[in-house]
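Architecture at a glance
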Amino acid sequence: MTTVNLNPPSHDVGAHAGCATSSHDREFPDVDLLSPLTLRGVTFRNRIVMAPMCMYSATDGFANDFHLVHLGSRAMGGVSLVMVEATAITAQGRISPGDMGIWKDEQIEPLARIARFVESQGAVPGIQLAHAGRKGSCAEPWTGGDSLKTAQEGGWPVIGPSAIPFEEGDPVPTALDEAGIEEIINAWEAAAKRALQAGFKVIEIHSAHGYLLHEFLSPISNQRTDQYGGSLENRMRLLLRVAERLRATIPEQLPLFVRISATDWVEGGWDIEQSIVLSRRLKALGVDLIDVSSAGTTPDAKIPVAKGYQVPFAQRIREEAGIRTGAVGLITEVLHADEIITTGQASMVFLAREFLREPYWALKAEAVLGQEATWPLQYGYVVQRRRK
Ligand SMILES: Cc1cc2nc3c(=O)[nH]c(=O)nc-3n(C[C@H](O)[C@H](O)[C@H](O)COP(=O)(O)O)c2cc1C
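What follows deals with the overall build of the protein chain. A count of helices and strands for the protein chain gives 11 helices and 14 strands. For the protein chain, the C-alpha atoms occupy an extent of roughly 65 × 45 × 40 Å along the three principal directions. Burial analysis of the protein chain (388 residues in total) assigns 50% to the buried set. Counting contacts in the protein chain only where the partners sit at least 6 residues apart, residues at least 24 apart contribute 70% of the total.

Set out below in structure tokens:
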């Protein structure tokens, strides 16, 4: 079972000296990939997170047996936090018809079944809440991922900060008016309440990859002239309001994460300097960790994809905003992941595709780092015996 104590102080069991700006940090020089971490009242058994990954396999937003096995097997494989894929707060906020959803009460129980199982395996169940904005209404990626432009094709109208499509030929989003913005904030709150009812212990706001909240942050997609566009303060307003509302909704002892794209990788777009300002503001609102990804607002981005290429952003945000970060992106090797933690570049590592290749990666990490692997009870006694 996940440890949830009701004493709220947010501290690291072994915070590295690299995060000296955080008043909650204690310095334990021996912190590594396998060190537990306590945020608010939730203890994570190590620093290894299964990153959110859309599986495009839900029907009408409902989680099913595929999701239980997919997510449950990574919990059995030793990760500390299983983050359920981008889960749409409204039906319109889905990327594809197969996206997971949490816009109605009936969707709670299949998600609760997943949360219960994940927790029974010693991992913390988390869920990423999302709205795809102008990048919604697409076919599943394995069929090409094209826009579904008409209802006959199974598509729906999309919304965004401004009436600017992602790419030429893509559907033009309807720019949200003030009433639409209030509705969206209410939908985030309602979705968070359902997630809590389902038993999730971590909620992550998806504000990355060119989806709705990131669209408001970036001047590329946001050309509004009201209080939600123009200045940095105005472009941050929607995300800050959502974070504030969710922090007020989520119990004090449960952590709130935000995933951002640290940069659009394009001149004149969202960048790391703005991300640092934003992260300071999110910290002040009670956000516990920034999960630092990048890109997604424009097809013109020139991304220098390489091993750990986004890690320096996690490190800068951690050091300059004084908030815990998660590093993600082409982290596949145990020793690399361990180094990210031991050198204080991030508090957690989020792995995505490597968990599709190797669901038991976290158990492998234990062996590589010289620790007895914490196999599930039903496997451990026989696996160990065969080795002798
Ligand atoms: C199949 C797939 C689905 C993804 N779905 C999501 C998602 O739902 N939410 C999200 O924030 N990122 C999503 N991502 C991005 C991953 O979380 C991760 O940031 C990215 O794959 C880089 O990490 P990796 O190199 O370990 O794969 C997805 C990635 C993949 C491969």
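Attention now moves to unusual backbone geometry. The phi angle at Ala 295 is positive, at roughly 70°, despite the residue not being glycine. By the secondary structure assignment, Ala 295 is in the loop between strand E12 (289-293) and helix H7 (311-321).

Another aspect to go through is helix H5 (residues 232-249). The terminal C-alpha atoms of H5 lie 26 Å apart, and with 18 residues this matches the ideal 26 Å at 1.5 Å per residue to within 8%. At Leu 238, H5 is bent by approximately 40°, the largest bend along its length. Buried residues of H5: Arg 235, Met 236, Leu 238, Leu 239, Val 242, Ala 243 and Leu 246, and no others. The secondary structure elements touched by the buried residues of H5 are helix H3 (178-198), strand E10 (202-207), helix H4 (212-217), strand E11 (256-261) and helix H6 (272-284).

Once that is clear, we can look at the site of the ligand. Looking at the ligand, there are 20 residues lining it, with Ala 51, Met 53, Ala 86, Ala 352 and Arg 353 nearest. For the shell around the ligand, the secondary-structure elements that each account for two or more residues are strand E5 (81-88) and helix H9 (353-357). Each residue belonging to the shell around the ligand can be placed in one class, and the counts come to 11 nonpolar, 5 polar and 4 charged.

Here the focus is the nonpolar core. Side chains that are nonpolar tend, in soluble globular proteins, to be buried together. Core analysis: the largest hydrophobic core is formed by 105 residues, its most contacted members being Val 49, Leu 81, Leu 129, Ile 203, Ala 327 and Val 349. Filtering out sequence-adjacent residues up to four positions away, Ile 203 remains in contact with Ile 127, Leu 129, Ala 192, Ala 195, Leu 246, Ile 250 and Leu 256.

With that settled, the discussion passes to the pairing of E12. Strand residues, when the strand is regular, have side chains that alternate between the two faces of the sheet. Most of E12 is tucked away: 5 of the 5 residues are buried. Residue alternation in E12 divides its side chains into two sets, Leu 289, Asp 291 and Ser 293 and Ile 290 and Val 292, and both sets are buried. Bridge count for E11 against E12 is 5 bridges, and the pairing is parallel. Note that in E12 the partner of Val 258 across the bridge is Ile 290. In terms of handedness, the path from E11 via H6 over to E12 forms a crossover that is right-handed. Considered for its hand, the β-α-β crossover made up of E12, H7 and strand E13 (residues 324-328) is right-handed.

Another aspect to go through is the packing of H3 against H5. It is at 10 Å that the axes of H3 and H5 come closest, and there the two elements cross at 35°. For the crossing formed where H3 meets H5, the hand is right-handed. Between H3 and H5, the residues in contact are Ile 181, Ile 185, Trp 188, Glu 189, Ala 192 and Lys 193 and Leu 238, Arg 241, Val 242, Arg 245, Leu 246 and Thr 249, respectively. By residue class, the composition of the contact of H3 with H5 is 7 nonpolar, 1 polar and 4 charged.

Moving on to the confidence of the model for the protein chain. Scored by pLDDT, the protein chain has a mean of 92; 91% of the residues are at 70 or more. Contacts for the low-pLDDT stretch residues 1-28, under 50 throughout, to residues beyond four places or in other chains number 63 contacts.

Moving on to the environment of Leu 356. With respect to the helices and strands, the residue Leu 356 is situated in helix H9. Spatially, the C-alpha atoms of Leu 356 and His 70 are 9.0 Å apart, while their sequence positions differ by 286 residues.

Here is what the cut-offs are and how they apply
- Residues numbered from 1 in each chain as written.
- Predicted model: local features only at pLDDT ≥ 70, side-chain atom pairs only at ≥ 80, totals over all residues.
- Helix = DSSP H or I, 4+ residues; strand = E, 2+ residues; numbered from the N terminus.
- Buried ≥ 20, exposed ≤ 12 C-beta atoms within 10 Å, placed from the backbone.
- Contact = placed C-beta atoms within 7 Å.
- Expected span 1.5 Å × (residues − 1).
- Bend = angle between axes of the 7 residues up to and from the residue.
- Near = placed C-beta within 6 Å.
- Nonpolar A, V, L, I, M, F, W, Y, C, P; charged D, E, K, R; others polar.
- Core = buried A, V, L, I, M, F, W, Y, C linked by C-beta atoms within 7 Å.
- Pairing = 2+ DSSP bridges.
- Right-handed = clockwise from strand over helix to strand, strands pointing away.
- Axes fitted to C-alpha atoms, helices over the stretch in contact; angles between N-to-C directions.
- Left-handed = near helix turned anticlockwise from the far one by under 90°.
- pLDDT = per-residue confidence, 0-100.

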